[in-house]
Protein chains: 2
Amino acid sequence: MDIAPNPADNEPPRLANQLADQLAERIAMGDYLPGSRLDEVDLAERFGVSRTPVREALIQLGSTGLLTLRPRRGAVVTEVSPQRLMEMFDVMAELESMCARLAARRATRDECLALRAQHDDCVDAVQGNDPDEYYLRNERFHHAIYRLSHNSFLEEQALALSRRLRPYRRLQLRVRARVNSSFAEHAGVVDAISSGDEELAAQRIRGHVTIQGERFADLLSSLARATQG
Amino acid sequence: MDIAPNPADNEPPRLANQLADQLAERIAMGDYLPGSRLDEVDLAERFGVSRTPVREALIQLGSTGLLTLRPRRGAVVTEVSPQRLMEMFDVMAELESMCARLAARRATRDECLALRAQHDDCVDAVQGNDPDEYYLRNERFHHAIYRLSHNSFLEEQALALSRRLRPYRRLQLRVRARVNSSFAEHAGVVDAISSGDEELAAQRIRGHVTIQGERFADLLSSLARATQG
DNA sequence: ACGAAGGCTCTTGTATACAAGATTTATCAT
DNA sequence: ATGATAAATCTTGTATACAAGAGCCTTCGT
């Protein structure tokens with residue numbers, strides 16, 4: 001009767017981890033804009049803890065690049081230049097491309113069906129014209145592809161960069177037309193993976209993720225609006 | 001006269017950072033083997049500091065994956081299974097492949113010459129049959145390719161994973177024949193990049209980095225010897 | 001002798017205290 | 001009035017103190 005209910009690592013109760021998660025979430029939601037300074041005592045008071053776990057959380061987020069830690073000068077939300085943002089999306093495209101290629105090669109019949117089911121889940125959000133809901137299901141769809149690569153390290157790397165780009169993907173979907181084309185592109189990816197066409201799957205998801213031309217301009221403008229308003 | 005001598009960020013004097021660097025170095029050198037437990041008070045005494053900066057260093061290394069931090073149970077050097085090691089090298093191959101492709105497209109004539117010069121630097125180490133020296137120059141050669149991608153984010157990601165794999169690359173070069181073939185493969189990569197052949201460059205460096213077949217068996221056996229002896 | 005239960009010790013997690021660099025403000029000189 | 005300089009303040013970096021969970025050892029029962 002005393003069997004551990006969760007053999008896997010269940011939520012470890014460390015304040016620093018919880019704080020890091022919450023801060024990452026708030027940054028993704030735009031509560032802390034790029035360039036914002038994060039004061040240790042302020043955060044400590046706000047969360048009702050001491051500076052120690054706050055510092056540990058800041059260090060964690062600094063390691064992921066979400067924050068920039070300048071010694072003796074505090075932590076600020078990393079400012080990402082348009083140039084660098086495009087670089088990051090290029091790397092994301094390459095990682096997802098690798099995921100799709102491996103998925104096309106390795107995914108079982110059942111896994112392909114499950115992926116298609118998740119793609120279908122996005123329909124409701126598209127038809128209901130609900131960008132936030134689509135954002136969530138879209139994210140799940142992409143994460144499913146990472147998993148289908150059957151390369152757990154690759155999956156983790158892709159997830160990490162995905163989290164890092166979260167604030168910007170969110171902005172990207174604000175562009176109305178993007179939700180529709182995004183959904184359409186997903187269908188092509190599912191087909192390519194299901195048919196085992198590695199190169200086609202890789203190529204399609206690369207085109208889906210890469211930001212260039214007018215789509216990059218769209219992202220920049222909504223980014224400018226978000227940081228001003 | 002009071003111009004700052006170094007406009008770029010010069011070494012910030014934070015104990016946690018220095019400790020993280022030193023620990024990473026010692027782990028790479030095999031002073032701490034996978035599975036080793038890192039005691040906070042022990043490290044603090046050994047380095048003559050308090051537990052605070054030690055903890056911060058451990059958290060940093062935990063974020064990179066070099067250490068595994070189990071809440072309330074301390075930090076251990078992450079144990080990497082053969083399966084996972086191959087996964088990591090696969091991702092490394094993909095990142096370097098992307099670097100090479102971009103380098104072939106973007107590198108200037110001068111940059112190509114500089115790369116070839118660095119390749120030539122490796123000759124001495126090969127002829128002198130000095131694996132450690134070759135290890136260093138080989139590393140510089142690869143880092144040069146990262147830089148030639150002209151994608152600074154990609155460069156950082158590749159560098160990070162390169163550091164993560166450092167202990168294992170080192171072992172890999174212990175295999176005598178590997179130094180010679182490695183050097184030969186470099187020449188092909190330089191040629192492909194210099195001639196601007198993206199696909200050839202990408203393909204060649206992928207083959208150079210990926211570990212499979214008997215090369216993987218070689219790595220595993222030297223790894224087993226290293227952890228036992 | 002073997003196994004389990006309880007306490008004891010050891011280690012980590014968090015809070016607080018102290019040190020030192022960075023920033024800001026006020027004062028003084030030109 | 002403007003600029004620089006110096007002192008005061010504020011923030012971060014480090015050390016120490018305290019709390020609590022994890023692991024170990026002893027002891028007790030069968």
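Residues numbered from 1 in each chain as written. Chains lettered and ligands numbered in written order. Predicted model: local features only at pLDDT ≥ 70, side-chain atom pairs only at ≥ 80, totals over all residues. Heavy atoms only, no water.

Asker: Describe in detail the relation of the copies chain B and chain A, supporting the description with residues and values.
Answerer: Superposing chain B onto chain A requires a rotation of 180 degrees together with a translation of 0.0 Å along the rotation axis, leaving an RMSD of 0.0 Å. When the rotation and shift are considered jointly, the pair of chain copies conforms to a two-fold rotation axis. Of the residues that chain B buries at the interface, 100% are likewise interface residues in chain A, meaning the two copies contact each other through the same surface. (Least-squares fit on C-alpha atoms with pLDDT ≥ 70 in both. Contact = heavy atoms within 4.5 Å.)

Asker: Summarise the packing of helix α7 (residues 152-164) of chain A against helix α4 (residues 82-106) of chain B; cite the residues concerned and give the values.
Answerer: Where α7 of chain A contacts α4 of chain B, the two axes come as close as 7 Å, and the packing angle between them is 50 degrees. Between α7 of chain A and α4 of chain B, the interaxial angle falls into the category oblique. Counted together, Ser152, Phe153, Leu154 and Glu156 of chain A of α7 of chain A and Arg84, Glu87, Met88 and Val91 of chain B of α4 of chain B form the full contact between these two elements. For the contact of α7 of chain A with α4 of chain B, the class distribution of residues is 4 nonpolar, 1 polar and 3 charged. (Axes fitted to C-alpha atoms, helices over the stretch in contact; angles between N-to-C directions. Helix = DSSP H or I, 4+ residues; strand = E, 2+ residues; numbered from the N terminus. Parallel < 35°, antiparallel > 145°, perpendicular 65-115°, else oblique. Nonpolar A, V, L, I, M, F, W, Y, C, P; charged D, E, K, R; others polar.)

Asker: Explain unusual backbone geometry to me, using residue names and the numbers behind them.
Answerer: All names here are of chain A. Even without a glycine there, the phi angle at Arg72 is positive, about 65 degrees. By the element assignment, Arg72 lies in the loop between β2 (67-70) and β3 (74-77). Arg72 gets classed as exposed once you look at its relative accessible area, which sits at 85%. Notably, His150 is not glycine yet its phi reads approximately 60 degrees, a positive angle. Inspection of the secondary structure puts His150 in the loop between α6 (131-148) and α7. (Buried < 20%, exposed > 50% of the residue type's maximum accessible area, 1.4 Å probe, protein only.)

Asker: How would you explain the pairing of β2 of chain A if you had to name every residue and give the values?
Answerer: Pairing of β2 of chain A with β3 of chain A involves 4 bridges; the strand directions are antiparallel. Across the sheet, the residue bridging to Thr68 of chain A is Val76 of chain A, located in β3 of chain A. (Pairing = 2+ DSSP bridges.)

Asker: So what about the protein's contact with DNA strand D? Which residues, and what values?
Answerer: Near DNA strand D you find 18 residues, and of these Arg55 of chain A together with Leu15, Ser50, Thr52 and Arg73 of chain B are the closest. For DNA strand D, the fraction of atoms within 4 Å of the protein that belong to sugar or phosphate moieties is 67%. Note that a phosphate oxygen of DNA strand D is positioned 3.5 Å from one of the side-chain N or O atoms of Arg14 of chain B. Contact between DNA strand D and Ser50 of chain B: a phosphate oxygen at 2.7 Å from a main-chain N or O atom of the residue. Those elements that place two or more of their residues in the surface near DNA strand D are β1 (37-38) and α3 (51-64) of chain A together with α3 (51-64) of chain B. Looking at which element gives the most residues to the surface near DNA strand D, the answer is α3 of chain B, with 3 residues. For the surface near DNA strand D, a count of residues per class yields 5 nonpolar, 3 polar and 10 charged. (Near = heavy atom within 4 Å. Polar contact = N/O pair within 3.5 Å; in protein donor to acceptor, adjacent residues only side chain to side chain.)

Asker: So, α3 of chain A: which residues are in play, and what are the values?
Answerer: Residue and element names in this part refer to chain A. Here α3 spans 20 Å end to end across 14 residues, near enough to the 20 Å set by a 1.5 Å rise per residue. One side-chain oxygen at the N-terminal end of α3 lies 3.3 Å from the backbone nitrogen of Thr52; it belongs to Ser50. Two residues or fewer after α3 comes Gly65, characterised by a positive phi angle close to 95 degrees. (Expected span 1.5 Å × (residues − 1).)

Asker: Give me the lowdown on α3 of chain B, citing residues and values where you can.
Answerer: Within α3 of chain B, burial applies to Pro53, Val54, Glu56, Ala57, Leu58, Ile59 and Leu61 of chain B. Looking at the buried side of α3 of chain B, the elements it contacts are α3 of chain A together with α1 (15-28), β1 (37-38), α2 (40-47), β2 (67-70) and β3 (74-77) of chain B.

Asker: An account of the domain arrangement of chain A is needed here, citing residue identities and associated values.
Answerer: Residue and element names in this part refer to chain A. On domain assignment, one finds that chain A holds domain 1 (15-77) and domain 2 (82-228). Buried surface at the junction of domain 1 and domain 2, both sides included, amounts to about 620 Å², of which 59% is carbon and sulfur. A salt bridge links Arg166 to Glu25; the shortest N-O distance between them is 3.0 Å. Per-element tally for the side of domain 1 that touches domain 2: the top contributor is helix α1 (residues 15-28), with 3 residues. (Domains from an automatic or database assignment. Buried area = accessible area lost by both parts, 1.4 Å probe. Salt bridge = Lys/Arg side-chain N within 4 Å of Asp/Glu carboxyl O.)

Asker: Give a description of the protein's contact with DNA strand C that names residues and reports values.
Answerer: Taken together, 18 residues surround DNA strand C, and among them Leu15, Ser50, Thr52 and Arg73 of chain A together with Arg55 of chain B come closest. Backbone atoms, meaning sugar and phosphate, form 66% of the atoms of DNA strand C found within 4 Å of the protein. Here a phosphate oxygen of DNA strand C and a side-chain polar atom of Arg14 of chain A are 3.5 Å apart. Within the side chain of Arg37 of chain B, an N or O atom sits 3.0 Å from a sugar or linking oxygen of DNA strand C.

Asker: How would you summarise the interface of chain B and chain A if you had to cite specific residues and measurements?
Answerer: Counting from both sides, the interface comprises 27 residues of chain B and, opposite them, 27 residues of chain A. Around 2,700 Å² of area is buried between chain B and chain A when both sides are counted, 57% of it from carbon and sulfur atoms. Contact with chain A buries area across many residues of chain B, yet Arg14, Glu94 and Phe153 of chain B alone supply 21% of it, more than any other trio. Counting every contact that joins chain B to chain A gives 6 salt bridges. Note that Arg84 of chain B and Glu156 of chain A form a salt bridge whose closest N and O atoms lie 2.7 Å from each other. Here chain B is connected to chain A by 12 residue pairs in polar contact (both at pLDDT 80 or more). Looking at the side of chain B that touches chain A, the elements with two or more residues in it are α3, α4 and α7 (152-172) of chain B. A per-element tally of the side of chain B that touches chain A places α4 of chain B first, with 9 residues. Taken together, the residues of the side of chain B that touches chain A sort by class into 11 nonpolar, 6 polar and 10 charged.

Asker: Now, about the side chain of Arg166 of chain B: what can you tell me, with residues and values included?
Answerer: Residues and elements named next belong to chain B. You can see Arg166 is positioned in helix α7. A relative accessible area of 18% places Arg166 in the buried class. Residues within four places of Arg166 in sequence aside, it is in contact with Glu25, Ala28, Met29, Tyr135 and Glu139.

Asker: So what's going on with the sheet that holds β2 of chain B? Residues and values would help.
Answerer: Ordered in space as β1-β3-β2 (chain B), the 3 strands form an open sheet in which the pairing is antiparallel. Across the chains shown, the open sheet's two edge strands, defined by having one partner strand only, are β1 and β2 of chain B.

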